[in-house]
Amino acid sequence: MEKILKEDGKWKTLLGSSLSEELIQNIGLFIDRQQYQNLPIEIKLRWPKLIEEIIANSDSEYLVVCKPFVNFRSFEKMFEKFVPAMIKDEWAINFKVYSHDFSEDFIKKLSRREEKSSYQPIQKW
């Protein structure tokens with residue numbers, strides 16, 4: 001099994017590889033384009049004064065650590081309301097959210113919110 005990692009902005013194999021350099025870079029490009037790389041950044045940019053760190057454990061599980069002095073219960077309601085609109089993947093994502101000192105937490109399994117169209121569906125006559 002081949003293993004690749006990104007080092008200094010370039011994708012490389014961990015050990016000698018039978019894969020071509022072009023294939024390694026294309027695999028890396030595919031990984032870079034996945035949402036689990038971008039969703040943590042987008043969430044953190046949404047609440048820069050509230051979120052200390054977001055770690056993507058996988059494409060379906062994220063750990064979120066809040067900053068000190070966050071009203072944790074209010075943040076939980078905001079988080080649950082706004083994050084589904086940011087999710088683009090078709091599967092649900094588990095968010096394990098912790099207060100700055102890990103004394104409080106909540107877990108939310110959130111899915112993308114479907115776009116609601118203001119247009120009526122086309123009907124046959």
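Before reading on, note that the structure itself is shown above.
Residues numbered from 1 in each chain as written. Predicted model: local features only at pLDDT ≥ 70, side-chain atom pairs only at ≥ 80, totals over all residues. Heavy atoms only, no water.

1. Side note on the environment of Ile4
The cut-off we apply is this: A run of H or I in DSSP becomes a helix once it reaches four residues, and a run of E becomes a strand once it reaches two; helices and strands are each numbered from the N terminus. Every residue pair with non-hydrogen atoms within 4.5 Å of one another is taken to be in contact.
With respect to the element layout, Ile4 can be found in strand β1 (residues 4-7). Measuring from C-alpha to C-alpha, the distance between Ile4 and Gln25 comes to 9.7 Å, with 21 residues separating the pair along the chain. Contacts of Ile4, omitting those with residues within four sequence positions, involve Trp11, Lys12, Thr13, Ile24, Ile27, Gly28 and Ile31.

2. Points about the sheet that holds strand β4 (residues 61-66)
Counted only if it meets this: One bridge is not enough; two strands pair if DSSP finds at least two bridges between them. Fitted lines through C-alpha atoms serve as axes, helices being fitted only where they are in contact, and the angles separating the N-to-C directions of these axes extend from 0 to 180 degrees.
Spatial ordering of the open sheet is given by β3-β4-β5-β6, a layout of four strands whose pairing is mixed. Taken across any chain shown, the strands that pair with only one partner, and hence form the sheet edges, are β3 (51-58) and β6 (105-110). Between one strand axis and the next, the sheet turns by 15° as a mean value, whatever way the strands run. Each of β3, β4, β5 (93-98) and β6 is contacted by helix α3 (residues 72-86), which is oriented at about 15° to β6, the strand it contacts most.

3. Overview of the pattern of salt bridges
Short version of the rule: Any carboxyl oxygen of Asp or Glu within 4 Å of a side-chain nitrogen of Lys or Arg constitutes a salt bridge here. Buried, partly exposed and exposed residues are distinguished by accessible area as a fraction of the type maximum, computed with a 1.4 Å probe on protein chains only: under 20%, between the cut-offs, and over 50%, respectively.
Taken as a whole and assessed by the stated rule, the structure comprises six salt bridges. Across the pair Arg73 and Glu76 runs a salt bridge, and its minimum N-O distance is 2.6 Å. Here Glu76 and Arg73 lie together in helix α3, a separation of three residues that amounts to about one turn. You can call Arg73 partly exposed: its relative accessible area is 37%. Here Glu80 ties to Lys108 by a salt bridge, and the two come within 3.5 Å at their closest N and O atoms. Taken together, the positions of Glu80 in helix α3 and Lys108 in strand β6 put the pair 28 residues apart, joining distant regions of the chain. Take Lys108: its relative accessible area is 14%, and that puts it in the buried class. Connected through salt bridges with shared partners, the residues Arg73, Glu76, Glu80, Glu104 and Lys108 form a single ionic network.

4. Regarding the packing of aromatic side chains
What counts here: Pairing of aromatic rings covers Phe, Tyr and the six-membered ring of Trp, with a centre-to-centre limit of 6.5 Å; geometry is then stacked below 30 degrees between planes, edge-to-face above 60, and tilted otherwise. We call a charge positioned above a ring when the Lys NZ or Arg CZ atom is no farther than 6 Å from the ring centre and deviates by at most 35 degrees from the ring normal.
This structure, assessed with the given rule, holds eight aromatic pairs. Aromatic side chains Trp47 and Phe75 sit 5.5 Å apart centroid to centroid with 80° between the ring planes, which places their arrangement in the edge-to-face category. With a gap of 28 residues between them, Trp47 in the loop between α2 (35-46) and β3 and Phe75 in helix α3 connect regions that are remote in the sequence. By relative accessible area, which is 1% here, Phe75 ends up buried. On the basis of an interplanar angle of 15° and a centroid distance of 5.4 Å, the ring pair of Tyr62 and Phe95 is categorised as stacked. One end of the pair, Tyr62, is in strand β4; the other, Phe95, is in strand β5, with 33 residues separating them in the sequence. Among the aromatic residues, ring-to-ring pairing joins Trp47, Tyr62, Phe72, Phe75, Phe79, Phe95 and Phe106 into one connected group. Geometry around Phe82 places Arg46 over its ring, the cationic atom sitting 4.1 Å from the centre.

So far we have only geometry, and geometry alone does not tell us how the molecule works.
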